[in-house]
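Understanding the architecture of this molecule
Here's the letter readout for the chains.
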Amino acid sequence: MSEQESVTDRVFGSSVERREDRSILTGVAEYTDEKLPDAAHVAILRSQYAHATLESVDVDQAENRDDVVAVFTGADVEESGIPNDIPTAWSLPGLVTPQYRIIATDKVRHTGDAIAAVVAEDRYAAHNALGDIDVTYDRLDAVTEPDEAVDSDVTVHEEAPDNVAFDFTIGDADAVSEAFSAADHVTSVDLEQPRIIPNAVEPRAAAADYDPDSDDLTVWMTSQNPHLHRMLMSTATLGHPEHKLRIVAPEVGGGFGSKIYHYPDEAITAWCAKQLGRAVTWQATRREGYITDCHGRDHVTEAQLAVDTDGSIRGLRVETHAGLGAHLSQFATATPSYLYATILSSEYDIPAIHCRVIGAFTNTTPVDAYRGAGRAEGIYVTERIVDAAASELGMDPAEIRRTNLISPDEFPFETSVAMVYDSGEYETAMDRALELVEYDELRDRQRELRDDDRYLGIGIANFVESAGLSPSKAAGELGAAAGGWEAGVVRFHPSGTVTVACGTADQGQGHRTTFAQVAAEELGVPLEDVDVVEGDTDAVPQGMGTYGSRSGPVGGGAIATSARKVVEKAKRIAAHSLEASVDDVEFDDGEFSVVGAPDRSVTIQEVALEAYLGHDIPGDAEPGLEATSYYDPENFTFPFGTHVAVVEVDPETGEVDLQTYVAVDDCGEQINPMIVEGQVHGGIAQGVGAALYEGAVYDDTGTLVTGSMNEYALPRAHQLPDYETDSTVTPSPHNPIGVKGVGESATIAAAPAVVNAVVDALEPFDVDHLDMPLSNERVWRAIDAATEGDS
Amino acid sequence: MTDTTREITLTVNGTERTFDIEPQTLLVHALRDELGYTGSKVGCESSLCGACTIHVDGRAVKSCTLLAVRYDGAEITTVEGLADGEDLHPLQQAFQEEHGLQCGYCTPGMMLTALSLLEDNPDPTRSEIRDALKGNVCRCTGYHNIVDAVERAGELMAAGEPELSGAD
Ligand code: FES
Ligand code: FES
């Protein structure tokens, strides 16, 4: 067998079809709203205003309706004596942490704040009764923009009179000042990154069942991390004993970050179930989702780049006002600080970087991690300003990038913002992308078309993503209130089949397929003999969940580590039954054999049976064949790549036609290339959406103007092109299976690629920057402003 | 039951079902909550996402803004009616082969919209497919593989794979 064939024969690395698909395709897969069909329904009254004092909440009329079971207010929750305070999971120096109640009591701070909860016999009755609740508000002025909030007379929380939750800095300010004085040229860009509404197509939901006799409380919910939800509900909101609380994430219809967090809603649902001793269920309407699902981004940034005329970057200075919304969600503090500022070096050797981030409370929906979280915002800043510098220096955007790339022999590479990049062949991936898009030909074509008043633009974005989040100890030192590990169990059954359990939680990524591939490869058993269990706190010992592109590297790492422990133990049992020394036994493709005597062999399945019989195992071995690992990564992993977007802008209408999109990603080893490509496709669409269509807008009163899918434009099939994807493979040396993670990469790259392309197209109009979303109107106005003088 | 309750009959995936319904009940909730056909999803309740798309009397419609009482006597196909026993419908097969789904929440609606397209136009171009799907939001796949899947389903259907069985 040639080496080529043996590679493709591996189950790890092959595009096997997803085992998740059949039940979804036939309509039998169960999502949260399908879990308790006979339960009573919860509906939640949201605030009419973004900022107001609650004078009174009168629920009598609603409660008197025949079909209403009960109505609860914030006072009822408070009186029940539960902890009632949703916490942030990452502390920063000087952080202000006001109480975040599951139902508001005295004041509402954004239109998503809950004021009362109705429990009724069916979903219509519950929603109808909301109209019978009489709330008297004393309305207050609102503030919605993070940069305005810090100078505003409006105070969202009394604990933070200037609305500043934190003021974070990283990097060496003096070194940056020196770099700026020494550099030939300084490029400045002021930019905004609008709020993104995640829009998982399945709205958030929770269904709760409580047994007063046993005190068992079970909550099915749209969760990316059931164990975190369990811990937070147990310790921070409900006070229900952790060992009596079971959280199940059944089929989950997308998340993109929005289903990481502990929201008031699942706590309210579970609390109602406990109060009433009956099963209740809740699902957000889409409008409710728009004002309550944590938004992403919301940055206002001033950035300067110190650069020499040959394109060498000397320093980068960034100051950002980050909107946090009305309450601190779990990663609201980490996302715009450590996840953002530490990636500003992108793929470049930038000797000095300094970044300051002021996190501000506003009367808006809480902001937290959304696909790309922090890294997307950081890479956007760097990739925009590098393009702007190229344009000012008259350099080709590919050339300025090439000049500053970190070269392969510099790894591990320590950036000036505290990251140690693992591995990378940045130039190889960039060259591949430029070759695929036919970069030189495109530049020629761009020149020709301009002569006909047609405006083609080519946008390049390089990126590095810090994935997997960090080792527990490092995270703890930086303020995290959670670990960075993942738990993985590998358990042989006596008959030779295998169950794998992992603390991650799928929302469409296909973990049940890919994790089975990891285990089957390690154990040398048939793929169909491996079952994967996820998303149930009763079935998985512990877990940290799915976010930060961590499931592949950290979850996969945990499973591989456990599988290797199982093989180690099995090897000792095999040696015992083969009457050989352990050192003389080798393991290959599910079989243990004696070196030099290949006919003396035993399969891992035979060993499993022996392990459970316990009749003939080494004297110092316990029966059984399973292992649990809490795999704590050595470091982040660092996926990278280059994306190129090609657009044509119609100067008459401002319309941007995205014609070509090329993505070259390096996510290290690929467990399942088909799934990797799917992640890249979906990521591109979200990045393009942000660049061209999306962006949440508030009016001055704090009302979300883009409050439904009518006003908030999600990218649709006819607005997106086919994508051309390719990959390079630079295994991560930090990871047992060489995997770097891929969930967020493409979203990070796509927004700057598309914006760079549009700005490139508008070069003849002297447009040096435009903020997202690049709507027809925004682009047309920029062209119009530039051409006004000519007409 | 209240005095406004009405009795209606729907034929869902070939099975006739007679049941009582409130006049305000939406067709998608009648199917999901009253009859247990939970394959049709609810993503927006405003005709904007397409997750609730079903076929009513052979036409793809969004069932989240239709009142169930007005469809007394209608023939309905939901995703549960696509497969023929254990045999997947060509659309289901193609979505699986082409990795046209991730979380799957949009998928039932996507397939039923695509089915209408392929019934009208058995060999659509990629841009015709994209146009036909513009009322269905998918946040996971970026659409590329969905377009591949619909193209592939068209080929499979043309090659005489089993026809839609549920509605007959
Ligand atoms: S739920 Fe019907 S279109 Fe969205
Ligand atoms: S597969 Fe998740 S919305 Fe389409």
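Because the structure is predicted, anything quoted here is derived from the model rather than measured.

So, the domain arrangement of chain B
All names here are of chain B. The domains assigned to chain B are domain 1 (6–81) and domain 2 (90–158). Using only C-alpha atoms to locate each centre, domain 1 and domain 2 end up separated by 21 Å. Tallying the contact residues gives 18 residues for domain 1 and 13 residues for domain 2. Carbon and sulfur atoms make up 58% of the surface buried where domain 1 meets domain 2, a total of about 1100 Å² over both sides. On the domain 1 side of the contact with domain 2, Thr-53, His-55 and Val-79 bury the most area, a combined 40% of that side's loss. Taken together, the connections running from domain 1 to domain 2 amount to zero salt bridges. One can count seven residue pairs in polar contact (both at pLDDT 80 or more) joining domain 1 with domain 2. Elements with a minimum of two residues in the side of domain 1 that touches domain 2: β3 (53–56) and β4 (59–62). Per-class residue counts for the side of domain 1 that touches domain 2 are seven nonpolar, eight polar and three charged.

Examining empty space enclosed by the protein
All names here are of chain A. All chains considered together, the criterion is met by eleven cavities of 30 Å³ or more. Considered as a void within the structure, the largest cavity measures approximately 650 Å³ in volume. Lining the largest cavity are 46 residues; nearest its centre among them are Gln-509, Thr-546, Ser-549, Gln-679 and Gly-743. Residue assignment for the lining of the largest cavity shows that the elements contributing at least two residues are α17 (511–523), α18 (551–578) and α20 (673–693). A breakdown of the residues in the lining of the largest cavity according to their chemical character gives 21 nonpolar, 20 polar and five charged.

Some words on the sheet that holds strand β10 (residues 216–221) of chain A
Strand pairing within a sheet occurs via backbone hydrogen bonds; the two strands may be parallel or antiparallel. Residues and elements named next belong to chain A. The sheet built from seven strands is open, its strands ordered β3-β5-β1-β12-β9-β10-β11 with mixed pairing. Edge positions in the sheet fall to β3 (68–73) and β11 (245–248), since each of these pairs with one other strand and no more. Between one strand axis and the next, the sheet turns by 20° as a mean value, whatever way the strands run. Sheet analysis places β10 next to β11, joined by four bridges and oriented parallel. Looking across to β11, one finds that Val-219 is bridged to Ile-247.

A look at the sheet that holds strand β25 (residues 626–631) of chain A
Residue and element names in this part refer to chain A. Reading across from one edge, β21-β20-β19-β25 is the order of the four strands in this open sheet, with mixed pairing throughout. On the outer flanks of this sheet lie β21 (530–534) and β25, each paired with one strand and no other. Across the sheet, the mean angle separating the axes of adjacent strands is 15° when strand polarity is ignored. Of the pairings in the sheet, the one linking strand β20 (residues 498–502) to β21 comprises five bridges and is parallel in character. Across the sheet, Val-498 pairs through a bridge with Val-530, a residue of β21. Of the strands in this sheet, β19 (486–492), β20 and β21 are in contact with α17, which crosses β21 at around 135°. Across the sheet, α18 is in contact with β19, β20 and β25; its angle to β25 comes to roughly 145°.

Looking at the domain arrangement of chain A
Residue and element names in this part refer to chain A. When cut into domains, chain A gives domain 1 (32–140 + 201–254 + 259–292), domain 2 (299–469 + 635–790) and domain 3 (485–631). For domain 1 versus domain 2, the separation of C-alpha centres amounts to 36 Å. Tallying the contact residues gives 27 residues for domain 1 and 28 residues for domain 2. Of the roughly 2400 Å² buried at the junction of domain 1 and domain 2 (both faces included), carbon and sulfur atoms supply 63%.

Notes on a negative patch on the surface
On the surface, Glu448(A), Asp451(A), Asp452(A), Asp453(A), Asp650(A), Glu652(A), Glu655(A) and Asp657(A) cluster together to form a negatively charged patch. Overall, Asp453(A) belongs to the exposed group, its relative accessible area being 52%.

Some details on the layout of surface pockets
Remark: the empty space left among the atoms is shown by a probe the size of a water molecule rolled over them. Taken as a whole, the largest pocket holds about 850 Å³ of empty space. Around the largest pocket, the lining comprises 33 residues; the ones closest to its centre are Glu121(A), Asp122(A), Arg123(A), Asp33(B) and Glu34(B). Elements with a contribution of two residues or more to the lining of the largest pocket: α5 (123–130) of chain A together with β2 (15–21) and α1 (27–34) of chain B. Split into classes, the residues belonging to the lining of the largest pocket amount to eight nonpolar, eleven polar and 14 charged. Roughly 680 Å³ of volume is contained in the second largest pocket. As for the second largest pocket, its lining consists of 34 residues, of which His127(A), Thr285(A), Arg287(A), Glu288(A) and Glu45(B) are closest to the centre. Of all the secondary-structure elements, those providing two or more residues to the lining of the second largest pocket are β1 (40–46), α5, β12 (280–283) and α10 (286–292) of chain A together with α1 of chain B. Class assignment of the residues belonging to the lining of the second largest pocket gives a composition of 13 nonpolar, 13 polar and eight charged.

About the cut-offs
- Residues numbered from 1 in each chain as written.
- Chains lettered and ligands numbered in written order.
- Predicted model: local features only at pLDDT ≥ 70, side-chain atom pairs only at ≥ 80, totals over all residues.
- Heavy atoms only, no water.
- Domains from an automatic or database assignment.
- Contact = heavy atoms within 4.5 Å.
- Buried area = accessible area lost by both parts, 1.4 Å probe.
- Salt bridge = Lys/Arg side-chain N within 4 Å of Asp/Glu carboxyl O.
- Polar contact = N/O pair within 3.5 Å; in protein donor to acceptor, adjacent residues only side chain to side chain.
- Helix = DSSP H or I, 4+ residues; strand = E, 2+ residues; numbered from the N terminus.
- Nonpolar A, V, L, I, M, F, W, Y, C, P; charged D, E, K, R; others polar.
- 1 Å grid on protein atoms, 1.4 Å probe; cavity = no way out; pocket = protein on both sides within 12 Å on 5 of 7 lines; lining within 4 Å.
- Points joined across faces, edges and corners; volume = space filled by probe spheres on them.
- Pairing = 2+ DSSP bridges.
- Axes fitted to C-alpha atoms, helices over the stretch in contact; angles between N-to-C directions.
- Patch = residues over 30% accessible without salt bridge, like charges linked within 9 Å, V, L, I, M, F, W, Y side chains within 5 Å.
- Areas by Shrake-Rupley, 256 points an atom, 1.4 Å probe, with all protein chains shown as cover.
- Lys, Arg positive; Asp, Glu negative; His and termini not counted.
- Charge placed at Lys NZ, Arg CZ, Asp CG, Glu CD.
- Buried < 20%, exposed > 50% of the residue type's maximum accessible area, 1.4 Å probe, protein only.

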